Amino acid sequence: MNGPPHGAGPADAPVDVIAFAYEACSFDRRLMRSGTASLVWNSALSLARAGHRVSIVTPAHGQAGHLRRRYGARDTGHADTHTLPLRLDPAAWPPSWGSPAPRLTTRALHVRKDGVDLYFLSDAFLDAYPETFYPVAADEGRRLEFCKPLAFQLAGIRFVRSRFADRPAVVHAHEPLLHYLVPAAFTGDRLKRVVSAVATNHPVNTGVYDPQVSAALASLGARVDLDEYADPPERDGVLECAMRAHLTATGLDHPPRHERQISFFSLVGDHADGIDFLCEGQRTFYTGFEATPFAPRYRRLTVARVTERNAHKAFVGGCAVSDTWLARDPGAIDRDGVLNGLGLDPALPVFYHAARYDPHHKGQLEMVRAIESVLGEGRRANFLLRCATASDTDPYFQKVADAYPGSVRLAWDMADEDTLFAEASVADYCVFPSKYELDTFLIAQGEAMACGAVPIATAQYGTRHFGHAHDFRAPDATGFAVDRSFEEDDPLLARALTDRFRQAIRLFTDEPGEYARLSGNARRTARRLTWERSAARRSAHFGALFAAGSADPPRQATSRRHPPQAGPVVRAGLDVRAGGWSVRLECADALRVTAYVPERSADGALRAHALRPARDGFTGTFPGEAPAAGVALLVTLTGGRSHWEVAAPAGTATA
């Protein structure tokens, strides 16, 4: 961490804020590709309105012509010619590529909008991928422009050093995976503080190639001992192999390609001056992963130790429903007109879902299965679904929609705010059954709740601020919860959603007063989550970074890691019998048990087998020779918790 500059003001004084972001312009659909842009722009706008001097540094993404025509962008005169030191990962790039060093000249355009200065950087790499903005995965190993995010980090750091050299400022860097070099690059600069904003829960152990990191930092004059971030060697025990087999699809784990990778979040944790989370639940989840299938693996990783020793840097800057959304009046929307126009019956309850098409992360597969079950029972309700995608549509989803044309309206296209607001305003319930804890604030749920929609959503850490995880009869409850899920295809989640839909239809029909209470709670809860409140939190933290005294705070001498939560009471065993073997597990809180059993094949790959519920637990019977080291069991517990257990033959010790 850096010491504050001389003459730093009090914690509540205005400061210079430089937002460093790969995308930032949600005010223009042509300039955004993800929700991160909304977070960056609204955060910057709210800080500017709070009296701070705010700038944004972001790539032009090949949109210079549009920026000039639409916003009158002007050249700044910045022309930085530099070498991009590439050390290509041999796990992805053929040896013939060697270590290229393209020469780039980065220029910058300036736009002043709503009190914010935007600087758009442009060069041969930063203008690549003008349609997707983000590199296409298939280009790794084939096209050097795949390294565009790295090129932005280096060009952006050099621009900040040049443009803002003599100004004390907070560099508010968004998405650690896209700025992991930034904190280390400004270590030692007494005029800059770097605050890392965690917008997306990328796998915390996502690896970056350490020779590349070393070369990039060296080109900036920064030196970091990267050896301390190496992970211990991968184990090949029963439990470790089962975890790797299960976690592949969950988005929680990023197995290393080789031993030369280090976690991006370790670099950020040690060198940032602050780590900014969107909500308290996200901070709790992303710094511990307790009660998830990833927890035992996480505790062995170096990033767990780095995160714990830097726990004092974490704070909650917050996120919010946009001011433009909150300024609209849901009561001005013609419910009958909108629903009749969609072919739906205004007299029936409306269940609404709006997200990008991602059938597993967003829980959409289980949601559509639940819709099919409820409508197949003859229950009457409307389902207004928007699963935005630019690729092929889902045939199963479309089949269900086509089977119930008067009850299901399914849209695949992107929609503007006018359309989204109209649809959210006619919704009685909003459905967000996201899985894997990948959502961090879920603005779409907040937007629908702000219009009075009662949520039916996952009780995940990252959305606890919406209040739907309370008992729905509690005074402050806003809706209904389903347990967290860490399964790619989860029948428990589908059944839970089916039950919630039935419950919600009954409540809407038979208890209108109770429904109105939940709707009012939902509206009030979401409308309290404002950007003004978020700006006040960040303002206080940013100011404190410059007012904390001249000495660096002492590094933690001992680990502050909290012990893992107490596990459930479990009894498991493996019994060998003639011609085969069986495994059993007893646990009062278990809802499902999955055994990871070696295939009878040359590679001995693991395959998941669901154990059968039995009178006193769960059991499964298998042919052939029992695994000598035992079998790993993944236990799904009540409340969406997960627990790993190893069942071994009698007399066998397990690690």
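All figures in this text were calculated on a predicted structure; none of them were measured in a lab.

Rules used in this analysis
- Residues numbered from 1 in each chain as written.
- Predicted model: local features only at pLDDT ≥ 70, side-chain atom pairs only at ≥ 80, totals over all residues.
- Heavy atoms only, no water.
- Helix = DSSP H or I, 4+ residues; strand = E, 2+ residues; numbered from the N terminus.
- Rg over C-alpha atoms; globule rule 2.2 N^0.38 Å.
- Buried < 20%, exposed > 50% of the residue type's maximum accessible area, 1.4 Å probe, protein only.
- Contact = heavy atoms within 4.5 Å.
- Areas by Shrake-Rupley, 256 points an atom, 1.4 Å probe, with all protein chains shown as cover.
- Lys, Arg positive; Asp, Glu negative; His and termini not counted.
- Charge placed at Lys NZ, Arg CZ, Asp CG, Glu CD.
- Pairing = 2+ DSSP bridges.
- Axes fitted to C-alpha atoms, helices over the stretch in contact; angles between N-to-C directions.
- Expected span 1.5 Å × (residues − 1).
- Polar contact = N/O pair within 3.5 Å; in protein donor to acceptor, adjacent residues only side chain to side chain.
- Salt bridge = Lys/Arg side-chain N within 4 Å of Asp/Glu carboxyl O.
- Parallel < 35°, antiparallel > 145°, perpendicular 65-115°, else oblique.
- Left-handed = near helix turned anticlockwise from the far one by under 90°.
- Nonpolar A, V, L, I, M, F, W, Y, C, P; charged D, E, K, R; others polar.
- Phe/Tyr/Trp six-rings, centres within 6.5 Å; stacked < 30°, edge-to-face > 60°.
- Lys NZ or Arg CZ within 6 Å of the ring centre and 35° of its normal.
- Disulfide = S-S within 2.5 Å.
- 1 Å grid on protein atoms, 1.4 Å probe; cavity = no way out; pocket = protein on both sides within 12 Å on 5 of 7 lines; lining within 4 Å.
- Points joined across faces, edges and corners; volume = space filled by probe spheres on them.
- Core = buried A, V, L, I, M, F, W, Y, C linked by side-chain atoms within 4.5 Å.

Caption draft 1: View of the overall build of the chain. Helix and strand counts for the chain stand at 19 helices and 25 strands. Relative to its length of 655 residues, the chain is compact, with a C-alpha radius of gyration of 26 Å against a globular reference of 26 Å. If you line up the chain on its principal axes, its C-alpha atoms span 75 × 65 × 50 Å. Buried residues in the chain amount to 56% of all 655 residues. Contacts in the chain between residues far apart in sequence, at least 24 positions, make up 76% of those at least 6 positions apart. Carbon and sulfur atoms provide 50% of the accessible area of the chain, an area that totals close to 26600 Å². A gap of 2 Å separates the mean positions of the 74 positive and 76 negative side-chain charges of the chain.

Caption draft 2: A look at the sheet that holds strand 21 (residues 606–610). Taken in spatial order, the 4 strands of this open sheet run 21-20-24-25, and their pairing is antiparallel. With one partner strand each, in any of the chains shown, strand 21 and strand 25 (642–647) form the two edges of the open sheet. Averaged over all pairs of adjacent strands, the angle between their axes in this sheet comes to 25°, without regard to strand direction. Sheet analysis places strand 24 (residues 631–637) next to strand 25, joined by 6 bridges and oriented antiparallel. Following the sheet pairing, Val-635 is matched in strand 25 by His-643. Relative to strand 25, helix 6 (residues 238–247) is tilted by about 140°, and along the sheet it contacts strand 20 (590–598), strand 21, strand 24 and strand 25.

Caption draft 3: Structural context of helix 17 (residues 491–510). With 20 residues, helix 17 extends 28 Å from end C-alpha to end C-alpha; this agrees with the ideal 28 Å at 1.5 Å per step. Taken together, the buried positions of helix 17 are Leu-493, Ala-494, Ala-496, Leu-497, Thr-498, Phe-501, Ala-504, Ile-505 and Leu-507. Capping of helix 17 at its N-terminal end is provided by Asp-490; its side-chain oxygen lies 2.9 Å from the backbone amide nitrogen of Leu-492.

Caption draft 4: Fine view of the pattern of salt bridges. Tallying each qualifying case throughout the model produces 43 salt bridges. Across the pair Arg-309 and Glu-228 runs a salt bridge, and its minimum N-O distance is 3.4 Å. Placement of Arg-309 in helix 10 (residues 302–309) and of Glu-228 in the loop between helix 5 (210–219) and helix 6 is noted, with a sequence separation of 81 residues between them. Relative accessible area serves as the criterion here: at 42%, Glu-228 is assigned to the partly exposed category.

Caption draft 5: Region of the structure containing the packing of helix 13 (residues 364–376) against helix 14 (residues 395–403). Their axes nearest at 10 Å, the elements helix 13 and helix 14 cross at an angle of 25°. Looking at the two axes, helix 13 sits roughly parallel to helix 14. In this structure, the crossing between helix 13 and helix 14 has a hand that is left-handed. On the side of helix 13, the interface is formed by Gln-364, Leu-365, Val-368, Arg-369 and Glu-372, while helix 14 contributes Tyr-396, Phe-397 and Val-400. When the residues that make up the contact of helix 13 with helix 14 are grouped by side-chain class, the tally is 5 nonpolar, 1 polar and 2 charged.

Caption draft 6: Layout of helix 18 (residues 512–527). Taking 1.5 Å as the rise per residue, helix 18 with 16 residues should run 22 Å; its terminal C-alpha atoms sit 22 Å apart, in good agreement. Taken as a whole, helix 18 has its buried residues at Glu-514, Tyr-515, Leu-518, Ser-519, Gly-520, Asn-521, Ala-522, Thr-525 and Ala-526. Residues of helix 18 that are buried in the fold lie against strand 15 (429–432), helix 16 (443–450), strand 16 (454–458), strand 17 (480–482) and helix 17.

Caption draft 7: Structural context of the sheet that holds strand 18 (residues 571–577). Ordered in space as 18-19-23-22, the 4 strands form an open sheet in which the pairing is antiparallel. With partners counted over all chains shown, the strands left at the sheet margins are strand 18 and strand 22 (612–614), one partner each. Strand-to-strand, the axes of this sheet are offset by a mean angle of 25°, without reference to chain direction. By the bridge criterion, 6 bridges tie strand 19 (residues 580–586) to strand 23 (residues 617–623) in an arrangement that is antiparallel. Looking at strand 23, one finds that Ser-582 is bridged to Thr-621.

Caption draft 8: Broad picture of the packing of aromatic side chains. According to the stated counting rule, one finds 33 aromatic pairs in the structure shown. Ring centres of Tyr-429 and Tyr-515 lie 5.4 Å apart, and the angle between their planes is 70°; on these two criteria the pair is classed as edge-to-face. Of this pair, Tyr-429 sits in strand 15 while Tyr-515 sits in helix 18; the two residues are 86 residues apart in sequence, bridging distant segments of the chain. Seen from their ring centres, Trp-581 and Phe-622 are 4.6 Å apart, and the 25° between their planes marks the pair as stacked. Highlighted residues: Trp-581 in strand 19 and Phe-622 in strand 23, separated in sequence by 41 residues. An aromatic cluster is present here, built from Phe-264, Phe-265, Phe-285, Tyr-286, Phe-289, Phe-294, Tyr-298 and Tyr-461 joined pairwise through their rings. Over the ring of Phe-133 we find Arg-33; its NZ or CZ atom is 4.0 Å from the centre of that ring.

Caption draft 9: Spotlight on the side chain of Thr-302. Along the polypeptide, Thr-302 turns up in helix 10. Judged by its relative accessible area of 2%, Thr-302 is buried. Within polar-contact distance, the side chain of Thr-302 engages the backbone oxygen of Ala-230 at 2.6 Å. Each residue touching Thr-302, except ones within four places of it in the same chain, is listed here: Glu-228, Tyr-229, Ala-230, Asp-231, Pro-232 and Ser-266.

Caption draft 10: Expanded view of the state of the cysteines. Taken as a whole, this structure holds 0 disulfides when the rule is applied. Considering cysteine sulfurs only, Cys-430 is the nearest to Cys-387, which forms no disulfide, with 14 Å between them. The closest cysteine sulfur to the non-disulfide-bonded Cys-430 is located on Cys-451, 9.6 Å from its own sulfur.

Caption draft 11: Empty space enclosed by the protein, seen in detail. Taken as a whole, this structure holds 5 cavities of 30 Å³ or more when the rule is applied. Approximately 70 Å³ is the volume found for the largest cavity. Along the walls of the largest cavity sit Pro-232, Glu-234, Arg-235, Glu-240, Met-243, Arg-297, Arg-300 and Leu-301, which together make up its complete lining. When residues of the lining of the largest cavity are traced back to their parent elements, those giving at least two are helix 6 and helix 9 (295–300). Its residues assigned to classes, the lining of the largest cavity shows 3 nonpolar, no polar and 5 charged. Computed from the structure, the second largest cavity encloses a volume of approximately 60 Å³.

Caption draft 12: Fine view of the nonpolar core. Ranked by size, the top nonpolar core spans 76 residues in total, and within it Tyr-180, Leu-181, Phe-265 and Tyr-286 carry the most contacts. Not counting residues within four places of it along the chain, the set of residues in contact with Phe-265 comprises Pro-176, Val-198, Val-204, Ile-275, Phe-277, Tyr-286, Val-303 and Thr-307.

Caption draft 13: Quick look at the side chain of Asp-139. Structurally, Asp-139 can be placed in the loop between strand 5 (116–122) and helix 3 (148–163). Residue Asp-139 is classed as buried on the basis of its relative accessible area, which comes to 13%. Setting aside residues no more than four positions away along its own chain, Asp-139 makes contact with Trp-93, Tyr-129 and Phe-146.

Caption draft 14: Representation of unusual backbone geometry. Phi at Glu-437 takes a positive value of approximately 60°, unusual for a residue other than glycine. The residue Glu-437 is located in the loop between strand 15 and helix 16 in this model. Given a relative accessible area of 2%, Glu-437 falls into the buried group.

That is the geometry; function is a separate question.
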